[in-house]
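Inside the fold
What follows is the residue order along each chain.
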Amino acid sequence: MSDLNHTATAGFESRFGQSPAGLWSAPGRVNLIGEHTDYNDGFVFPFAIDRRTVVALGLRTDRLIRVASSFAEDTVELSLDDLTPENLGGWSAYPLGVAWALGQFGADLAVVPGFEVFIDSDVPIGAGLSSSAAIESAVAVALTDVWELELDRPMLARVGQLAENRAVGAPTGIMDQSASLLGRADAAVFLDCRSLDAELIPLGFDAAGLELLIIDTRVSHAHSTGGYASRRASCENGARLMGVSSLRDLDVNDLARAGELLDDETFRRVRHVITENQRVLDTVRTLREEGPTAIGALLDASHVSMRDDFEISVPELDLAVEVARASGAIGARMTGGGFGGAAIALTPHALVPVVSAAVTSAFAARGFGAPDLFVVRAADGAAREQA
Ligand code: ADP
Ligand code: MG
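Before going into details, it helps to say that this report is about the structure given with it. Within each chain, residues carry numbers counting from 1 in the order of the written sequence. Written order determines the labels here, with chains lettered from A and ligands numbered from 1. For a predicted model such as this one, the threshold for reporting local features is a pLDDT of at least 70, and the threshold for listing and counting side-chain atom pairs is 80 or more; totals across whole chains, interfaces and linings nevertheless cover every residue. To get the side-chain values, all heavy atoms of the structure are used, and hydrogens and water are removed first.

A run of DSSP states H or I qualifies as a helix once it reaches four residues; a run of E qualifies as a strand once it reaches two. Both are numbered from the N-terminal end. Between the first and last residue of a helix there are one fewer steps than residues, each counted as 1.5 Å, and that sum is the expected span. With 14 residues, helix H9 (residues 296–309) should reach 20 Å at 1.5 Å per residue; the first-to-last C-alpha distance of 20 Å fits that figure. For H9, every residue scored as buried is listed here: Gly296, Leu298, Leu299, Asp300, Ser302, His303, Ser305, Met306 and Asp309. Glu311 sits one or two residues past H9 and shows a positive phi near 50°. Exposure categories follow from relative accessible area, calculated using a 1.4 Å probe and restricted to protein chains: below 20% of the type maximum is buried, above 50% is exposed, and the middle band is partly exposed.

Encoded structure:
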């Protein structure tokens, strides 16, 4: 049994005084390319990572739900009869919100039995690797099994999104849950955020001797809420002025007209989204035709676009990307919503220690706090674990 399965089982036993009926898990994710394209109905290209959240679960004979996590001291209790978004808050809004959202997708919450869960995880929380989708997806697959629901993975992604939007109150898209539920080892999920069509594309990093290095700057998302909202508003405004329902309907051939029609700032926001959608398509094509060693320039161009056009980078992310490239990465970019968080650097296996050391010492030289560096591999999505 893996360490996490062990600790989740032990945690369940100590909180609830019996063994769990089973273990389910779901991974965090990293977005390889396609940033701020999701809410513009565009393309994203994330993959599930080898960091997971494990849920140990047991059914009850009454209507009570009890949730506990290695991350929190408290055990939260609620009756299924009181399960509404208004009654939820704090960390337990994630697992309880998923139970509620399953009801919105057809589970008959008036008749299902209560349950107990203990949650353990090695997905870093708040580092942009979506510990939130990991917990949502793990709970979603666990409850789908024990409540014997007929919901497929794309539907469960919408369940997780609904829980996050309504129970937690975060206006997030569907990328994270899709990656966590649909991911496969050594593949990324090419997701069309308009049709929700998802296709697994082999990455071939291992065969090419490449690693994806995460550089978590540990800079917190100080302006992230306001920054995110204002970028969304710019995109909506740009689409309206260009006469389309979303920026997805524009492509690089529309850039000249956008330049004439839009003010400078709105134009640059729009240009990021248009070119980023194109870079996702180019990345998928390049992986198929040439392999992963050829995608470096697309990652680099994505970073420049986020730094200069979308203006969501910070000095720590720019330094991480610049030094990673100068010390051997074949491509690097900030990943996630911006204003802090992590960068990724596609790096030849043998150069991972070199790049890591170079980034760490560059941060020290600039007086920045020490970054956290680690490698992630593309892993399988949510699954029942062997007990
Ligand atoms: P990210 O998804 O980037 O890690 P979020 O702010 O979206 O960051 O989600 C983090 C929140 O999700 C945590 O603050 C906590 O409320 C909840 N969460 C994530 N993982 C766990 C866990 N293992 N146990 C309890 N709560 C968790
Ligand atoms: Mg999250």
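There's plenty left to go through after this.
This paragraph deals with the packing of aromatic side chains. Under the pairing criterion, centres of Phe, Tyr and Trp rings, with the six-membered ring standing for Trp, must be within 6.5 Å; the plane angle then separates stacked pairs below 30 degrees from edge-to-face pairs above 60, leaving the rest tilted. Taken as a whole and assessed by the stated rule, the structure comprises 7 aromatic pairs. Ring geometry for Phe47 versus Phe205: centroids 6.3 Å apart, planes at 80°, classification edge-to-face. Here the residue Phe47 occupies a position in strand E2 (residues 43–59), and Phe205 occupies one in the loop between strand E7 (198–202) and strand E8 (210–216), the gap between them amounting to 158 residues. Here Phe47 and Phe205 have matching classes, each one buried. Ring plane angle 75° and centroid distance 5.6 Å describe the contact between Phe363 and Phe368, whose orientation is recorded as edge-to-face.

In space, the 4 strands of this open sheet follow the order E9-E10-E8-E11, with antiparallel pairing throughout. Each edge of the open sheet carries a strand with a single partner, namely strand E9 (331–334) and strand E11 (372–376). On average, each strand axis in the sheet is inclined to that of its neighbour by 20°, with strand direction left out of account. Here, any two strands with at least 2 DSSP bridges between them count as paired. Both E8 and strand E10 (residues 342–348) contribute to a ladder of 7 bridges, which runs antiparallel. Looking across to E10, one finds that Leu213 is bridged to Ala345. Contacts from helix H10 (residues 315–326) reach E8, E9 and E10, with the element oriented near 175° to E9. Contact definition: two residues touch when any of their heavy atoms are within 4.5 Å. Note on method: axes are straight lines fitted to C-alpha atoms, helices fitted across the in-contact stretch only, with angles between N-to-C directions ranging 0 to 180 degrees. Its contacts with the sheet place helix H11 (residues 352–365) against E8, E10 and E11, and it is angled at close to 20° to E8.

Another aspect to go through is the nonpolar core. Take the buried Ala, Val, Leu, Ile, Met, Phe, Trp, Tyr and Cys residues and link them wherever side-chain atoms come within 4.5 Å; each set so joined is a nonpolar core. With 50 residues, the main nonpolar core has Leu57, Leu83, Leu102, Phe115, Leu143 and Trp147 as its most contacted residues. Of all the elements, helix H3 (residues 131–146) adds the most residues to this core, at 8 residues. Apart from residues no more than four positions distant in its own chain, Trp147 is found in contact with Leu59, Leu80, Ala99, Leu102, Leu109, Val112, Pro113 and Phe115.

Right, let's talk about the pattern of salt bridges for a bit. For this document, the term salt bridge refers to a Lys or Arg side-chain nitrogen within 4 Å of an Asp or Glu carboxyl oxygen. On inspection of all chains with the given rule, the structure shows 26 salt bridges. A salt bridge links Glu276 to Arg279; the nearest nitrogen and oxygen atoms lie 2.9 Å apart. Of this pair, Glu276 and Arg279 both sit in helix H8 (residues 264–289), separated by 3 residues, roughly a single helical turn. For Arg279, a relative accessible area of 9% gives the class buried. If you follow the salt bridges from partner to partner, you end up with Arg60, Asp62, Arg66, Glu77 and Glu116 in one network.

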